[in-house]
Amino acid sequence: MTDMPTALSLREVGPRDGLQNEDPVSTETKIELIDRLSGTGVSRIEAVSFVHPRAIPQMADAAEVAAQMTRASGVRYSALVPNFKGAERALDAGFNEIEVVVSASDTHNKKNLNRSTAESLDDIAAIIDLAHGRGATVQVIVSTAWGCPYEGEVPTERVMWVVNTAAAHGADSLSFGDTTGMATPTRVTRLIGETRSAHADKPLNLHFHNTRGTGLANVLAALQLGVTDFDASVGGLGGCPYAPGASGNIATEELVHMVEDMGIDTGVNLDALLDTAAYAERAVGRTLPSQVLRAGPRTRLAQS
C-alpha cells in the first residue's frame, strides 16, 4: 500500500458509455450534455463511439456530435472505437485520443465485436500503427477484466495475456473494465499488482460498475495502491448492451463527493456536476441511480 494520492484524473464517460445504453436521445441533447460537462471542471470526456449504427443506433450520430460540440480549453475529448474502420472515422473527426476495446473473454468479445479476442488483438495492432502515424494515442480497454456474464470467472492469466499483447503492440495506456460489476477490492488489488509487476511504467485507468454495490469500494482499493485514473458516468448512466445486468457505472458525483472529502483533488465543481446530472436525468426520462443526486452532498442540510 502506498500513501494516498493528493489528486486524481477523472474521465467522464456518460455521453458515450452512459447514453449508449439508453433509448436514443437527440444529437442536440448529446451536445448539450457534453457542453455542460465541459463546464464542471472535468478534464477529460469520452464523447462518442464510432460503431456501426446497426450495432448501437444510439451512437449513429457520432460524427455530427463531434463536429458540433464545443471543445473547451483545458478539456481533453476522446472517442471509443471497436475496430480499424471506427478508428479511421474517429481520427477523421478530429480526435487525437482514441480508446479501443477488447474483451478478455471470447464469448463477450464475440457478442460485442463479432470476433474472437485474438482477432481483435490483431486488429488493435493495425489501429495503433494507424493512430501513431497520425499523431494520436491509443488506450486499450480490456473488458470483462474481473469476470464475464457468460463465462463467469476470467483467469488473471487470460487478462494478462491480453494486456501483454496490447503492450507489445504499442498501446499508450491500458484500462480495465468491470463490465458487469463483478470486481471486489481483493480482486482489484490482485490484478493491479500483476499489471504493475509486468508493466510498471504503463499508465493505467480503471472503469468500475456499481452493479453489485462494490464500485466505490473498488476505487478505494485502487487508490490505496496509487492508481489515480478513473472513469465515471454522470448520474450513474450506462452499462453494456451486450452484457445482461451491466447497468450501474459508478456515478461521477458520488466519486467526486467521496474523494474530495478524503482530501483528493478532482478539479470538479460538485454543484455544477449535480446540476448536469439532473439534466442528464431529464434527458433520458428516468430516475438515475446516483444517491448523491438524490440526497445531495453531506453538507446539504434539511429544512428546519
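Residues numbered from 1 in each chain as written. Predicted model: local features only at pLDDT ≥ 70, side-chain atom pairs only at ≥ 80, totals over all residues. Heavy atoms only, no water.

- You'll find the protein entered in an unreviewed UniProt entry as Pyruvate carboxyltransferase, with Catenulispora acidiphila given as the organism.
- According to the UniProt record, the Sequence similarities (unreviewed entry) comment for the protein reads "Belongs to the HMG-CoA lyase family." (UniProt positions renumbered as here; feature names shortened; annotations may be inferred.)

A look at the packing of aromatic side chains
So, point 1. Overall, the coordinates contain three aromatic pairs when judged by the stated rule.
So, point 2. Here the aromatic rings of F50 and F95 are separated by 6.1 Å at their centres, their planes lie at 70°, and the arrangement is edge-to-face. Pair noted here: F50 is in the loop between β2 (44-49) and α3 (62-68) and F95 is in the loop between α4 (84-92) and β4 (97-103), with a separation of 45 residues, a long-range link.
So, point 3. An angle of 70° between the planes, with centres 5.9 Å apart, marks the rings of W146 and F176 as edge-to-face. (Phe/Tyr/Trp six-rings, centres within 6.5 Å; stacked < 30°, edge-to-face > 60°. Helix = DSSP H or I, 4+ residues; strand = E, 2+ residues; numbered from the N terminus.)

Some details on the pattern of salt bridges
So, point 1. Counted by the stated rule, this structure contains 14 salt bridges.
So, point 2. For R16, the salt bridge identified is with E46, shortest N-O distance 2.8 Å. Of this pair, R16 sits in helix α1 (residues 14-18) while E46 sits in strand β2; the two residues are 30 residues apart in sequence, bridging distant segments of the chain.
So, point 3. One salt bridge connects E22 with R286, and the closest N-O pair in it is separated by 2.6 Å. With a gap of 264 residues between them, E22 in the loop between α1 and α2 (27-38) and R286 in the loop between α11 (270-284) and α12 (291-295) connect regions that are remote in the sequence.
So, point 4. For R286, a relative accessible area of 37% puts it in the partly exposed group.
So, point 5. Linked through salt bridges whose partners overlap, the residues forming this network are R11, E99 and D231. (Salt bridge = Lys/Arg side-chain N within 4 Å of Asp/Glu carboxyl O. Buried < 20%, exposed > 50% of the residue type's maximum accessible area, 1.4 Å probe, protein only.)

Quick notes on the pairing of strand β3 (residues 76-81)
So, point 1. The buried fraction of β3 amounts to five of the six residues, a majority that puts the element mostly inside the structure.
So, point 2. Examined bridge by bridge, β2 and β3 share five bridges and lie parallel to one another. Pairing of S49 across the sheet is with L80, part of β3.
So, point 3. In this structure, β3 lies alongside β4, joined through three bridges in parallel fashion. The partner of A79 across the bridge, within β4, is I98.
So, point 4. Handedness of the crossover joining β3 and β4 through α4 is recorded here as right-handed. (Pairing = 2+ DSSP bridges. Right-handed = clockwise from strand over helix to strand, strands pointing away.)

Thoughts on helix α6 (residues 117-133)
So, point 1. Relative to the 24 Å expected for 17 residues at 1.5 Å per residue, α6 spans 24 Å between its end C-alpha atoms, a close match to the ideal helical length.
So, point 2. Positive phi shows up at G135, right after α6, with a value of about 75°. (Expected span 1.5 Å × (residues − 1).)

Some details on helix α9 (residues 215-224)
So, point 1. Along α9, the residues classified as buried are G215, N218, V219, A221, A222 and L223.
So, point 2. Where α9 is buried, its residues meet α8 (185-198), β7 (204-207), β8 (229-232) and α10 (252-261). (Contact = heavy atoms within 4.5 Å.)

What about the environment of P185?
So, point 1. Positionally, P185 belongs in helix α8.
So, point 2. A sequence separation of 49 residues divides P185 from V234, and the C-alpha atoms of the two residues are 23 Å apart.
So, point 3. Look past the residues within four positions of P185 in its chain and what remains in contact with it is A217, N218 and A221.

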